[in-house]
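# Overview (structure and organization)
Take a look at the letters that make up each chain.
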Amino acid sequence: MLIGADYYPEHWPASRWETDAAMMEQAGLTVVRLAEFAWAKLEPEEGVYDFSWLDQALAVLSAHGIRAVLGTPTAAPPKWLMDRYEGMYNVDGYGRKRGFGSRRHYCFNSPDYQNAARRIAAAMGAHYKNHPAVLGWQIDNEFGCHNDEVCYCEHCRREFVRWLKIKYATVEELNRAWGTVFWSQTYRSFDEVILPGYAQCDGENGRNFCHNPGLLLDYMRCRTDNICAFLQMQVDALRQAGSRQPVTHNFMGTYDRIDYFKLAKGVDFVSWDNYIRHQWQAYPFEEAALAHETMRGLKKKKFWVMEQQSGPAGWSVMGDTPRPGQLRLWSWQAYAHGAQAIVYFRWRACLFGAEQYWHGILDYDGVPRRRYREVAQTAGELTRIDTLLSGGMPVNETALIKSYDNAFSHRFQPHNPKFDYNALLLSYYEGLVRNGVSCDVRSIDDDLSPYKLIILPAFQLLTTPMAKKLEDYVSRGGQVVVSFRSGAREWNNQMTERTLPGLLRDLAGVTVTEFNSIFYGEPIAVQGPHMAATASIWCDLLEPDTAECYARYAGDYCEGTAAITVNCYGKGKAWYVGCDLDKDGMAVLLGDILKGAGIAPPVRGLPDGVEAVLWKQENGRKALFLLNHAKTPAVIPASSFSCNLLTGEPVSGEWTLGGYETAVLG
């Protein structure tokens, strides 16, 4: 287990570095990330490299047992570079150059920028390939962080055309796939193809997404491939320079504008940046947990948290200061879900720049206080427990299927202004957590056989092989849950002409006779033997064919119509959830589904706010992490576990877990 901090020695006098390194060692930190934004200092002029300051910093840190992940600094190209070459800036959908003054201001497809990025990566790789204190590389920083996953410059248009020629071969096939006969958008050649930028139906201050849905979807697929190629180019540069240290990129959790399953193929291990409360949003603990599960699912192995929140965070204003115990709790949550390294952002709050308000373990004055002591306590506990649970991993019998192609499609045409694909996935995850279980996050392309239950919310883009895979899974005894809008589109983003739910109709045993986007109307009641819930976004009106009705609508014109059904298919069952549900309704539904699938929580009756994560070790023994995200104590019901491994105290009968506290039961 590695605990560390993101460190910026270039922000501080060299005379301070020894003090920082000694304080890190005392707190139990053994790793830092360095240099991911330091291009101007590493290459002050084209072809002139200065690694002396970084060499000195590494020497100081390594003397205290601290090793480093080095970042290739391509997220912050220096002014001299941007001034020297035309066409390197990212261009927005309105044709405006997104200029200098922040970060991520480059175009992935600019040949000049690619050459410059390749050169700095190669130079760093050659210099540090055999350095004993360098344990790995981070490529760039947070791809897509400032909506730069899209660009509308001429470089990107040419790259899009090249990509389309490979995919479709002929412009006639492209026209068929996109349905360009609509509004006379037919292309006579690939060179006529546009990028989906500002057009007649857009507003001046907002995009209405008036473009062809096939064009929009293919553009996002192409952009993922462009970003993957940019990452691979830097990995290749490091390898050709002789570096064999493992490579990562810091992903952004539930971010869905880049296909993370594809991007993860280019790295040796996944890392991500975990901020729970900041200027823009405060996330529920379930969303952080789902992000951890997603990161572990990308390569099906443990991951790093490359940036873990360690203080109040913001750019122009600050989010809440983490309360005593929360830094420790968030770290334990990361570890419980599979983190093998936690690197706190940042070591010390910066005196200057756009992130002055993004605090670290230390405040501006560099004096160790409460947050430092809490990090030190956490580092010691995690190191000890990791030795005790060596080889352990989270184990789940349920998988939540995430599809970035579906995320792209939903983003452009969300059906309802209140609909959000990620939010729908989160609602199912929250329902599982309230039933005391967690889940893995998987791709539809993964092996589904290890799981008793598969959940695919709003899986509207679907192919015949995918539908057949689900049928085979259920027929062999698995259970699957699909929701409204599933099976509604072909893989090219055209609407299906099949009766809904399209390719899933036989599996679900139900026909969608009508649907209602609850745009202006009132929420609709959903009632069943165990359920009294409401739908506030969408209602499919269902006619069971071979399925049985689980719950019906109550009120409005759909009174008495089936809302949720279950169909026996082979040895398994397929659930069709025709509506969104409030939190209580979702918890009840998933509780019944879990029970029917033979999935029992490790502890029954956990209070709200307490999260349970079950581990299995290599020797077959199990451990259970219980995390109380509430500030008040929680009463934990009796379980089969007998000891709190974190404290060494026996556990029997009902017992109390303090606010923001963690227990590891064995």
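See the structure shown above.
It should be emphasised that the depicted structure is a prediction, and the values quoted were computed from it without experimental measurement.

### Examining the overall build of the protein
Looking only at helices and strands, the protein features 17 helices and 30 strands. Taken over C-alpha atoms, the radius of gyration comes to 26 Å for the protein, in line with the 26 Å a tight globule of 666 residues would show. Dimensions along the principal axes, computed over C-alpha positions, put the protein at roughly 75 × 75 × 45 Å. Contacts in the protein between residues far apart in sequence, at least 24 positions, make up 71% of those at least 6 positions apart.

### What about helix α11 (residues 326-336)?
Most of α11 sits inside the fold, with 11 of its 11 residues counted as buried. Turning to α11, its buried residues number three or more, namely Q326, L327, R328, L329, W330, S331, W332, Q333, A334, Y335 and A336. In the segment just after α11, G338 is the residue with positive phi, at about 120 degrees.

### Here we look at the packing of aromatic side chains
Counting across every chain of the model gives 38 aromatic pairs. Note on W280 and W315: the rings are 5.7 Å apart at their centroids and 80 degrees apart in plane angle, and the pair reads as edge-to-face. Taken together, the residues W280 in the loop between β9 (271-274) and α10 (285-299) and W315 in the loop between β10 (303-309) and α11 connect sequence positions 35 residues apart. For W280, a relative accessible area of 52% translates into the label exposed.

### Side note on the environment of M124
Position of M124 among the secondary structure elements: in helix α5 (residues 111-128). It is 9.2 Å that separates the C-alpha atoms of M124 and S243, two residues lying 119 residues apart in sequence. With near-sequence residues (within four places) excluded, M124 lies in contact with L42, F51, L70, G71, T72, P73 and W137.

### Let's talk about the packing of helix α1 (residues 14-27) against helix α3 (residues 52-62)
Their axes nearest at 9 Å, the elements α1 and α3 cross at an angle of 35 degrees. α3 is crossed by α1, and the crossing has right-handed handedness. Contact residues: α1 offers A14, W17, E18, A21 and M24, while α3 offers W53, Q56, A57, V60 and L61. For the contact of α1 with α3, the per-class residue count stands at 8 nonpolar, 1 polar and 1 charged.

### Regarding α1
For α1, built from 14 residues, the straight-helix expectation of 20 Å at 1.5 Å per residue is met to within 8% by its first-to-last C-alpha distance of 21 Å. Residues of α1 that are buried: R16, W17, D20, A21, M23, M24 and A27. Seen along its axis, α1 keeps its buried residues to an arc of 165 degrees; they face one direction. Residues of α1 that are exposed and point over 90 degrees away from its buried face: S15 and Q26.

### Describing the pairing of strand β3 (residues 67-71)
Both faces of the sheet carry side chains from a regular strand, because those side chains alternate between them. Among the 5 residues of β3, 4 are classified as buried, and the element is accordingly described as predominantly covered. Pairing of strand β2 (residues 31-34) with β3, which is carried by 4 bridges, proceeds in the parallel orientation. Opposite V32, over in β3, you have A68 as the bridge partner. Across 4 bridges, the pairing between β3 and strand β6 (residues 134-138) is parallel.

### Regarding the sheet that holds β9
Pairing within the open sheet is parallel, and its 9 strands lie in the order β7-β6-β3-β2-β1-β11-β10-β9-β8. In this open sheet, the two edge strands, each paired with only one partner strand, are β7 (247-248) and β8 (250-251). Pairing geometry for β9 and β10, over 4 bridges, is parallel. Counterpart to D273 in the pairing with β10 is E307.

### Focus on the pattern of salt bridges
Counted according to the given criterion, the structure contains 42 salt bridges. Residue E154 is joined to R157 by a salt bridge in which the shortest nitrogen-to-oxygen separation is 3.2 Å. Of this pair, E154 and R157 both sit in helix α6 (residues 154-168), 3 residues apart, roughly one helical turn. Its relative accessible area of 40% is what places E154 among the partly exposed residues. The network of salt bridges with shared partners includes D6, R33, E36 and E307.

### Details of the pairing of strand β22 (residues 562-569)
The buried fraction of β22 is high, at 6 of 8 residues. Where β22 and strand β23 (residues 572-577) come together, 6 bridges link them in antiparallel fashion. Counted as the bridge partner of C568 is K573 from β23. As consecutive antiparallel partners, β22 and β23 are separated by 2 residues, and within that stretch G570 has a phi angle of approximately 60 degrees, a positive value.

### Quick word on the side chain of S403
In this fold, S403 is placed in the loop between β13 (398-401) and α13 (404-412). Polar side-chain contacts of S403 include one of 2.9 Å to the side chain of N406. Among all residues touching S403, those that are not within four sequence positions of it are Y421 and F459.

### Topic: a nonpolar patch on the surface
Together, M318, L351, F352, Y357 and Y364 make up a nonpolar patch on the protein surface, roughly 450 Å² of accessible area in all. Note on placement: L351 falls in the loop between β11 (339-345) and α12 (370-388). Among the residues examined, L351 registers a relative accessible area of 44% and is labelled partly exposed.

### Overview of the environment of N516
Along the chain, N516 turns up in strand β17 (residues 510-517). Setting aside residues up to four positions removed in sequence, N516 forms contacts with I524, I537, W538, C539 and Y557.

### A few points about the environment of C439
You can see C439 is positioned in the loop between α14 (421-434) and β14 (440-442). Owing to a relative accessible area of 0%, C439 belongs among the buried residues under this scheme. Considering only alpha carbons, one finds C439 and R158, 281 residues apart in sequence, at a separation of 42 Å. With residues near it in sequence (within four places) discarded, C439 still touches E293, N396, T398, A399, L400, Y429 and L432.

### What to know about unusual backbone geometry
With omega at -10 degrees, the peptide bond leading from F345 into R346 counts as cis. On the secondary structure map, R346 appears in the loop between β11 and α12. Of note, the bond from L500 into P501 is cis; its omega dihedral lies within 30 degrees of zero at 10 degrees. Backbone geometry places N147, a non-glycine residue, at a positive phi of 60 degrees. Looking at where N147 falls in the secondary structure, it is placed in the loop between β6 and α6.

About the cut-offs
Residues numbered from 1 in each chain as written. Predicted model: local features only at pLDDT ≥ 70, side-chain atom pairs only at ≥ 80, totals over all residues. Heavy atoms only, no water. Helix = DSSP H or I, 4+ residues; strand = E, 2+ residues; numbered from the N terminus. Rg over C-alpha atoms; globule rule 2.2 N^0.38 Å. Contact = heavy atoms within 4.5 Å. Buried < 20%, exposed > 50% of the residue type's maximum accessible area, 1.4 Å probe, protein only. Phe/Tyr/Trp six-rings, centres within 6.5 Å; stacked < 30°, edge-to-face > 60°. Axes fitted to C-alpha atoms, helices over the stretch in contact; angles between N-to-C directions. Left-handed = near helix turned anticlockwise from the far one by under 90°. Nonpolar A, V, L, I, M, F, W, Y, C, P; charged D, E, K, R; others polar. Expected span 1.5 Å × (residues − 1). Arc of directions from axis to C-beta. Pairing = 2+ DSSP bridges. Salt bridge = Lys/Arg side-chain N within 4 Å of Asp/Glu carboxyl O. Polar contact = N/O pair within 3.5 Å; in protein donor to acceptor, adjacent residues only side chain to side chain. Patch = residues over 30% accessible without salt bridge, like charges linked within 9 Å, V, L, I, M, F, W, Y side chains within 5 Å. Areas by Shrake-Rupley, 256 points an atom, 1.4 Å probe, with all protein chains shown as cover.

These figures capture arrangement, not role.
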